Amino acid sequence: MRTALVYHGEMTAARLLWEDPECEIERPERLTAALERLQQEGLERRCLQLAAREASEAELGLVHSPEYVSLLRGTSALGTEELRALSGQYDAVYFHPSTFHCARLAAGAALQLVDAVLTGAAHNGLALVRPPGHHSQRAAASGFCVFNNVALAAKHAQQRHGLHRILIVDWDVHHGQGTQYIFEDDPSVLYFSWHRYEHGRFWPYLRESDADAIGRGQGRGFTVNLPWNQVGMGNADYMAAFLHVLLPVAFEFDPELVLISAGFDSAIGDPEGQMQATPECFAHLTQLLQGLAGGRVCAVLEGGYHLESLSQSVCMVVKALLGDPAPPLSGPMVPQHSALESIQSARAAQAPHWTSLRQQEERPSPVSPGGPKFEAAEAQTSAVLSSLLDQLHLHPTPPVRTAVALTALDAALVLPPEVLLQEGSAPQEETQAWARLHKALAQDTAFIALGKVLHLLNGILDGQVSSGIATTPAIAVTLEVAILHGLSHRAQRVLCVAVGHLDRPPDLASDGRTLWLNIRGKEAAALSTFHVSVPLPGTTGGFLSCILALVLPLAYGFQPDLVLVVLGPAHGLQDPQAALLAALLRGPAGGRVLVLVEQESPSQLVGVLARVLHGEAPPSLGPFSMASPEDLQALIHLRGQLEAQWKMLQVAAPS
C-alpha cells in the first residue's frame, strides 16, 4: 500500500497571541505531537512524504469569496491588537500574522493529497494540517477554521479530475456546518457528520445540526447528520453508527473518492468531546471506509486537543491506510440507549431517500441494552491510553501480513510481492493426530493440505502471520480441525463464516466459544445464539444488507480471537463479494483471519482474496440493486430473533 503523508513544518507558525481560554487549545503542539508519534512508531518512513504547498487564491476561490480571501491576505500585515479585534468578529477564531500562510498550506495539503491519490501516485493518505477547516464557510472563519480544506479538496476533485460522486465523512466531535452549507444542495457530494449535539445545547448550537437536516433542493438526502445527545459515546456506538447508517448509504451512493474530516476530539480524553472511543476505533472506521471508492481514501486532520489521544489516533489511521490490521476493539460492544435513539432518528430521516435504509424494518427492542455509564476522569483516560500502548507492544504487528498455503502451485496465480507463499507444514506427528478425526484427511492430498493449514494456523495464532489463505480438497473436515485446533491453541473465541453447503460440525461444543454463521443456508434460522443460518441474497443490495446488518454486527459483538472464512461447495459468491466479505472481516479479530477455499478454486479468486487480506481495497460490487422481498424477510426474521442477545444488531432504542 502506498500511503501519502502531506505535511509542512511552517503550519506550526500560527499561535494565539493573547489570553483566550476558548481558543488556547488550538496550538502548534497538536501537529508536532502527532508527527513525533508517527516518527516514533516508524510510520512516517513507510509513507510517501510530501511537503505541503500553498493553495493558490484561484483554488481558494473554488469555495471562498474573493472578498474573504482578500481579508485573510491582509492579516499578515496587522498588529496584535488589530488581529484581536478582527478575530472578535468571528466565532471561536484567532488570527496571527502567519495565519494566511498556514491556512493556504493546510488547504494546499488537502489538494495535493487528492492529486496524489487520483493520479495513482498514492493509494490513499493523510494530510496533517492546521488550522482545521470544516467549520469555515464561504465568507466566514469559524471554530478555529480559516479555509474549508476538505470542501476545497472535494471541489478540486470535481473540477480538476472530473469526479461525479464524492463522500465526505466528518467524524470530528463538532458539526461541520461549513461543509454542510457548501454542499447542502449538491447531490454529487454525500456529507455525513456525527457530532456532539445534546439537543442543540453544544457548539455550534445550530438547529440544522439535527438528524432532520438532510439537505436542500436536489441535495435532499445527501446530507446525513447523526447527532449525539449525550457525552460518553464509545467504540460500540461509533461502530453501530457506521454499520447501520453511514455504510448502507455510502455503498448505495458508490463514491469515487472518500474524504475524511478526521477530527480526533471525538476520541477518549478530549476536553471538547468528552467521548470514550479509543484510538484503535479509528483504525476500524478507516478500514471500513477502504471498502469504498476502490480504497481511494484521503483523511485531512480537523480537531483533536488531547495530545496523547490525538497522536495515538492519528497513528491508528495511518496504520490502517498502510494496510496494517487494526487492533481488536476494547470494551463491551453494546451501544448505549442514547446512541440507538440517534441512529434511529438518522435512519428515519434518511429512509425516504435511500433504498438501503428502507430495506430494513425497524422495531424497538423490548430489551434494554444496558450500555456502560460514562464517568469523566483524566485518570481513566490515561489508564485506557496506557493500556492500549501496552497491548500494542505485547501484540505487535506480525512480521508476515499475509501468507498463502497451496497444495499445488498454479502458474496463473498472481500475488502481491509481499505476500508469503508458504512452503512449510506442521510436524508430521501433529498432522497425524488431527487426521485421525476423519478418514478423508488420511488421503495423500488432503493430508498434505492439512499439514499446510495447521502450519499457517499456528503462525496466525502465535503472532507470526496476520492472515492467510489455504486450499484443501477436504474442506468440511479441514474446517472442523481448524476450529478445534484454534480453540485448543490460544483462541478463546472463534468466529466461523461458512459460505456454501456446509454443516456445523456435530461434535462442536455449544459453550459459546464458537459462533457459526452459515451463508447460503437452506433457510433463515437462529438455531441457537451461536448457530445462525441465512440464505445467500441474490442482489448487491441484499448482499450488503446481509453483511452490514447481520454478519458484521454479530462479528463485532462476539469479539473473536480468530475468524475462519470458508468458501465451501456451491458457495455462489462472485469474486468481488468474496473479497469484500474477507476485507470487512479483517476487523473483528485484529486481522487474524484464515480463509479456506476448495482446492479447485480459480487462481483469480485466491489472488483477489490475498490482495484484500494484505490490505488492498476490494473490487466494486457493481451497480446497487434492491434486495428481494424474500431476502429482506429472512434478514428481518433473523434480526428479530437475535437482537436481544446480540446488541450490535439493534438499530432502534429499546421501548
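Below you will find a few notes about this structure.

Criteria and thresholds
Residues numbered from 1 in each chain as written. Predicted model: local features only at pLDDT ≥ 70, side-chain atom pairs only at ≥ 80, totals over all residues. Heavy atoms only, no water. Helix = DSSP H or I, 4+ residues; strand = E, 2+ residues; numbered from the N terminus. Rg over C-alpha atoms; globule rule 2.2 N^0.38 Å. Buried < 20%, exposed > 50% of the residue type's maximum accessible area, 1.4 Å probe, protein only. Contact = heavy atoms within 4.5 Å. Areas by Shrake-Rupley, 256 points an atom, 1.4 Å probe, with all protein chains shown as cover. Pairing = 2+ DSSP bridges. Axes fitted to C-alpha atoms, helices over the stretch in contact; angles between N-to-C directions. Arc of directions from axis to C-beta. Phe/Tyr/Trp six-rings, centres within 6.5 Å; stacked < 30°, edge-to-face > 60°. Salt bridge = Lys/Arg side-chain N within 4 Å of Asp/Glu carboxyl O. Parallel < 35°, antiparallel > 145°, perpendicular 65-115°, else oblique. Left-handed = near helix turned anticlockwise from the far one by under 90°. Core = buried A, V, L, I, M, F, W, Y, C linked by side-chain atoms within 4.5 Å. Nonpolar A, V, L, I, M, F, W, Y, C, P; charged D, E, K, R; others polar. Right-handed = clockwise from strand over helix to strand, strands pointing away.

**Digging into the overall build of the chain**
Within the chain, the regular secondary structure consists of 20 helices and 17 strands. Expected size for 655 residues packed as a compact globule is a radius of gyration near 26 Å; at 25 Å, the chain falls within 12% of this value. Overall, the chain is about 85 × 50 × 50 Å in size when its C-alpha atoms are taken along their principal axes. By the burial criterion, 64% of the 655 residues in the chain qualify as buried. Considering only intrachain contacts with a sequence separation of at least 6, the fraction spanning at least 24 residues in the chain is 79%. When the accessible area of the chain is evaluated, it comes to approximately 22,600 Å², of which 50% is carbon and sulfur surface.

**Brief notes about the sheet that holds strand S17 (residues 593-598)**
With mixed pairing, nine strands are arranged side by side in an open sheet as S10-S9-S11-S17-S16-S12-S13-S15-S14. With one partner strand each, in any of the chains shown, strand S10 (420-422) and strand S14 (525-528) form the two edges of the open sheet. With strand direction ignored, the average angle separating the axes of adjacent strands in the sheet is 15°. Strand direction decides the pairing type here: S14 and strand S15 (residues 531-534), joined by three bridges, are antiparallel. The residue bridging Ala 526 from the neighbouring strand is Val 532, located in S15. Contacts between helix H16 (residues 475-488) and the sheet are confined to strand S11 (465-472), strand S12 (494-499), strand S13 (514-519), strand S16 (562-567) and S17, with S16 contributing the most and set at about 180° to the helix.

**Points about helix H3 (residues 66-74)**
The complete set of buried residues in H3 reads Tyr 68, Val 69 and Leu 72. Down the axis of H3, the buried side of the element spans an arc of 100°, and every buried residue falls inside it. In H3, the exposed residues that point more than 90 degrees away from the buried face are Pro 66 and Glu 67. Structurally, H3 contributes buried residues whose contacts are with helix H2 (57-60) and helix H5 (99-118).

**Quick look at the environment of Arg 347**
Residue position: Arg 347 is located in helix H11 (residues 337-350). By relative accessible area, Arg 347 is classed as buried at 0%. With 64 residues separating them in the primary sequence, Arg 347 and Ala 411 have C-alpha atoms 48 Å apart.

**Points about the packing of aromatic side chains**
For the structure shown, the criterion picks out 20 aromatic pairs. Relative to Phe 147, the ring of Phe 100 has its centre 6.2 Å away and its plane inclined at 70°; by these criteria the two rings are edge-to-face. Of this pair, Phe 100 sits in helix H5 while Phe 147 is found in the loop between strand S3 (124-127) and helix H6 (149-161), placing the two residues 47 residues apart along the sequence. Residue classification places Phe 100 among the buried residues on the basis of a relative accessible area of 8%. Between Phe 192 and Trp 194, the ring centres sit 6.2 Å apart and the planes meet at 70°, which makes this aromatic pair edge-to-face.

**Some words on the pattern of salt bridges**
Evaluated as defined, the whole model comprises 16 salt bridges. We note a salt bridge from Arg 207 to Asp 210, for which the minimum N-O separation is 3.8 Å. Since its relative accessible area comes to 51%, Arg 207 is described here as exposed. Look at Asp 210 and you get partly exposed, because its relative accessible area is 23%. Of the charged contacts, one joins Arg 207 and Asp 212 as a salt bridge, the two residues approaching to 2.6 Å between their closest N and O atoms. Salt bridges linked by common partners bring Arg 46, Lys 319, Asp 324 and Arg 401 together as one network.

**A word on the sheet that holds S3**
Spatially, S2-S1-S3-S8-S7-S4-S5-S6 is the arrangement adopted by the eight strands of the open sheet, whose pairing is parallel. Each having just a single partner strand, strand S2 (48-51) and strand S6 (223-228) make up the two edges of the open sheet. Put simply, the sheet's adjacent strands are angled 15° from each other on average, direction ignored. Here strand S4 (residues 166-170) runs beside strand S5 (residues 189-196); their pairing, made up of five bridges, is parallel. The residue bridging Val 169 from the neighbouring strand is Phe 192, located in S5.

**Let's talk about the pairing of S16**
Regular strands have side chains that alternate between both faces of the sheet. With six of its six residues buried, S16 lies for the most part within the structure. Residues Leu 562, Leu 564 and Val 566 point to one face of S16 and Val 563, Val 565 and Leu 567 to the other, with burial holding for every one of them. Both S12 and S16 contribute to a ladder of six bridges, which runs parallel. Bridge pairing in S16 links Cys 496 to Leu 564. Where S16 and S17 come together, five bridges link them in parallel fashion.

**Here we look at the packing of helix H17 (residues 540-558) against helix H18 (residues 575-584)**
To describe two helices that pack against each other, one gives the angle between their axes and the distance between the axes. Relative orientation of the contacting elements H17 and H18 amounts to 20°, with a least axis distance of 12 Å. Looking at the two axes, H17 sits roughly parallel to H18. Crossing of H17 against H18: the hand is right-handed. Facing H17, whose interface residues are Phe 543, Leu 544, Ile 547, Val 551 and Leu 552, H18 presents Gln 577, Leu 580, Leu 581 and Leu 584.

**Structural notes on the nonpolar core**
Counting 183 residues, the largest nonpolar core has Trp 171 and Phe 242 as its most contacted members. With 14 residues, helix H8 (residues 235-253) is the largest single contributor of residues to this core. Val 465, Leu 487, Leu 562 and Leu 594 belong to the second largest nonpolar core, which has 26 residues in total.

**Focus: the packing of helix H14 (residues 428-435) against helix H15 (residues 444-461)**
One can describe the packing of H14 onto H15 by two numbers: an axis separation of 9 Å at closest approach and a directional angle of 110°. In terms of orientation, H14 and H15 fall into the roughly perpendicular class. In terms of crossing hand, the pair formed by H14 and H15 is right-handed. From H14, Gln 428, Glu 430, Thr 431, Gln 432, Trp 434 and Ala 435 reach across to H15, where they touch Phe 447, Leu 450, Gly 451, Leu 454 and Asn 458. Class assignment for the residues of the contact of H14 with H15 results in five nonpolar, five polar and one charged.

**Re helix H19 (residues 603-613)**
Most of H19 sits out of view: nine of its 11 residues are buried. Taken together, the buried positions of H19 are Ser 603, Leu 605, Val 606, Gly 607, Val 608, Leu 609, Ala 610, Val 612 and Leu 613. On its buried face, H19 sits against strand S9 (400-405), S11, S16, H18 and S17. Trailing H19 by a residue or two, Gly 615 shows a phi angle of about 110°, which is positive.

**Let's talk about the pairing of S5**
Counting buried residues in S5 gives eight out of eight residues, a clear majority hidden from the surface. Alternating residues of S5 divide into Val 189, Tyr 191, Ser 193 and His 195 and Leu 190, Phe 192, Trp 194 and Arg 196, and every residue in both groups is buried. After leaving S4, the chain enters helix H7 (residues 177-183) and then returns to the sheet as S5, a path that is right-handed. Strand direction decides the pairing type here: S5 and S6, joined by six bridges, are parallel. Within S6, the position partnered with Phe 192 by the bridge is Val 224.

Purely geometric numbers; function is a separate question.
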